[in-house]
Amino acid sequence: MEMWNHHPEEDSVANLAVEYIEDKSHKEGQDNDETKPLVRITSVEDDHSLEQQTSPLSSRFICNDHTEMNREQCAECSLIKDLIRHSPESTIFWHTIKLGPSEGGCHQKYMAHFLTALDDYARDPCLKDEKTTALLKRLLRVDHIDVTARVEYSNFARLVQYFGPIRRNNCIMVKQIHNIVQKSSVFTNKIRKETVSWFAGDMTRDTADSLILDHSSGTYLVRMSQTFPGCFVVSVTSGGSLFHIAIEADVATALRSDPYNANLRLHGLVYPSLVEAAQSLKTRILETEDGLEIMCRKCCPNLAINAIISGYRKSTKRR
């Protein structure tokens, strides 16, 4: 049974050659429905292969008292609001949050006020999950211990681009993050029930290099692109080298979609969420322009976010 649809017309646009090859590992006589296809990809891209989108700034914004004012009165808010102009409800939500510290004005809100407003506005049961809330705080770049921690408007808008909008009674952003918490872990030791996650969160290319370059071929992680907000990158080792493969995003289309569809494209194939794109790596062969074949075989074991998602912490003790 095929796990995704293959559209030849998409290959011609992306200049890709994709072919299905039989998974030789399945047992003879196994039903076809249980046979997993492998996909051979003959093109590799990195962060710099994506095109940034620019557009004119919005001329108006909603300020803290929920009235519209000229952008000259708050140029910073106008710039940030323009990043998520395709998700007006996310902007409305931000301005329903109780006003934060005076020095931050409309650009900062207390994390406690943010979570209270989020619960009132979206009423999402996922917020009751401690791991989901902890990961949300980390991605918002907030200290989860500091009770006076503040959320920056710019960090909130940035997260909307990666994980979707906040709508009345439907917190898509939190649902996507909760999905990562629930489905990104894989077993490293089934006896001790130890797991690690492929999700690295915010991470630069240089940091990815330092973390996984010395690991065996096929070690990989999935990180948020630091160059193109909304996009993700698969960083994977092979033969002592590290390759960065872009998971491209159409942020504008994703934010307007209802029901929400992340529209993440990995070499011609489109996925509705990051989890589904990452899960497809189990059955895909990545092929470089030089003909090198790469399989994503195991998650990088020493990611900081593992402490949140899997409860795993790197040990300094000898066993």
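Residues numbered from 1 in each chain as written. Predicted model: local features only at pLDDT ≥ 70, side-chain atom pairs only at ≥ 80, totals over all residues. Heavy atoms only, no water.

A. Seen up close, the confidence of the model for the chain. Averaged over the chain, the pLDDT score is 76; the fraction of residues at 70 or greater is 69%. Confidence drops under a pLDDT of 50 for residues 1-73, and excluding neighbours within four residues, the segment shows 136 contacts in the predicted structure. Note that pLDDT drops below 50 for residues 313-319; the model gives that stretch four contacts with residues more than four away or on any other chain. (pLDDT = per-residue confidence, 0-100. Contact = heavy atoms within 4.5 Å.)

B. Here's a closer look at the side chain of Arg223. Along the chain, Arg223 turns up in strand β12 (residues 219-224). Within the structure, the side chain of Arg223 is placed 3.0 Å from the side chain of Ser235, a separation counted as a polar contact. (Helix = DSSP H or I, 4+ residues; strand = E, 2+ residues; numbered from the N terminus. Polar contact = N/O pair within 3.5 Å; in protein donor to acceptor, adjacent residues only side chain to side chain.)

C. Seen up close, the packing of helix α2 (residues 75-83) against helix α6 (residues 153-163). Their axes nearest at 9 Å, the elements α2 and α6 cross at an angle of 10°. With respect to their mutual orientation, α2 and α6 come out roughly parallel. Touching Cys77, Ile80, Lys81 and Leu83 of α2 are Tyr153, Ser154, Ala157 and Gln161, all from α6. (Axes fitted to C-alpha atoms, helices over the stretch in contact; angles between N-to-C directions. Parallel < 35°, antiparallel > 145°, perpendicular 65-115°, else oblique.)

D. Quick peek at the environment of Ala157. Counting through the fold element by element, Ala157 comes out in helix α6. Judged by relative accessible area, Ala157 falls into the buried class, the value being 0%. C-alpha of Ala157 to C-alpha of Ser90: the two residues are 67 residues apart in sequence and 8.1 Å apart in space. Setting aside its immediate chain neighbours within four residues, Ala157 contacts Ile80 and Ile84. (Buried < 20%, exposed > 50% of the residue type's maximum accessible area, 1.4 Å probe, protein only.)

E. Examining the packing of aromatic side chains more closely. On inspection of all chains with the given rule, the structure shows 11 aromatic pairs. Ring geometry for Phe93 and Tyr121: centres 5.4 Å apart, planes at 55°, overall tilted. Of the two residues, Phe93 sits in helix α3 (residues 88-94) while Tyr121 sits in helix α4 (residues 111-122), which places them 28 residues apart along the sequence. Phe93 sits in the buried class, given a relative accessible area of 0%. Ring centres of Phe163 and Phe199 lie 6.3 Å apart, and the angle between their planes is 75°; this geometry places the pair in the edge-to-face category. (Phe/Tyr/Trp six-rings, centres within 6.5 Å; stacked < 30°, edge-to-face > 60°.)

F. Quick look at the state of the cysteines. Enumeration over the complete set of coordinates arrives at zero disulfides. Take Cys296: it sits in no disulfide, and the sulfur closest to it among the cysteines is that of Cys299, at 9.0 Å. (Disulfide = S-S within 2.5 Å.)

G. Inspection of the nonpolar core at higher detail. Counting 70 residues, the largest nonpolar core has Phe114, Leu135, Leu136, Phe156, Phe163 and Phe199 as its most contacted members. Take this core: its biggest share by element is seven residues, from α6. Per-domain counts for this core show at least three residues from each of domain 1 (75-178) and domain 2 (191-310). For Leu136, the residues in contact, after removing those within four places along its chain, are Phe114, Leu115, Leu118, Leu127, Leu159, Met173, Val174 and Ile177. Met203, Ala208, Ile212 and Leu303 belong to the second-largest nonpolar core, a separate cluster that totals eight residues. (Core = buried A, V, L, I, M, F, W, Y, C linked by side-chain atoms within 4.5 Å. Domains from an automatic or database assignment.)

H. Up close: the pattern of salt bridges. Counted by the stated rule, this structure contains five salt bridges. A salt bridge links Asp202 to Arg141; the nearest nitrogen and oxygen atoms lie 3.6 Å apart. A residue pair is termed long-range when its members are at least 10 positions apart, and Asp202 in strand β11 (residues 199-202) and Arg141 in the loop between α5 (130-139) and β6 (150-152) qualify at 61 residues. Owing to a relative accessible area of 46%, Arg141 belongs among the partly exposed residues under this scheme. Put simply, Asp202 and Arg158 hold a salt bridge, and the shortest N to O gap is 2.4 Å. Here Asp202 is found in strand β11, whereas its partner Arg158 is found in helix α6, with 44 residues between them in sequence. (Salt bridge = Lys/Arg side-chain N within 4 Å of Asp/Glu carboxyl O.)

I. Structural context of the pairing of β12. A large share of β12 lies buried, amounting to six of its six residues. Alternating positions in β12 separate into two faces, Thr219, Leu221 and Arg223 on one and Tyr220, Val222 and Met224 on the other, with burial throughout. A crossover links β11 with its parallel partner β12, the connecting element being helix α8 (residues 205-212), and its sense is right-handed. Sheet topology places β12 next to strand β19 (residues 298-299); two bridges connect them, and they run parallel. Bridging from a neighbouring strand, Tyr220 pairs with Cys299 of β19. Relative to strand β13 (residues 232-238), β12 runs antiparallel, the two sharing five bridges. The partner of Leu221 across the bridge, within β13, is Ser235. (Right-handed = clockwise from strand over helix to strand, strands pointing away. Pairing = 2+ DSSP bridges.)

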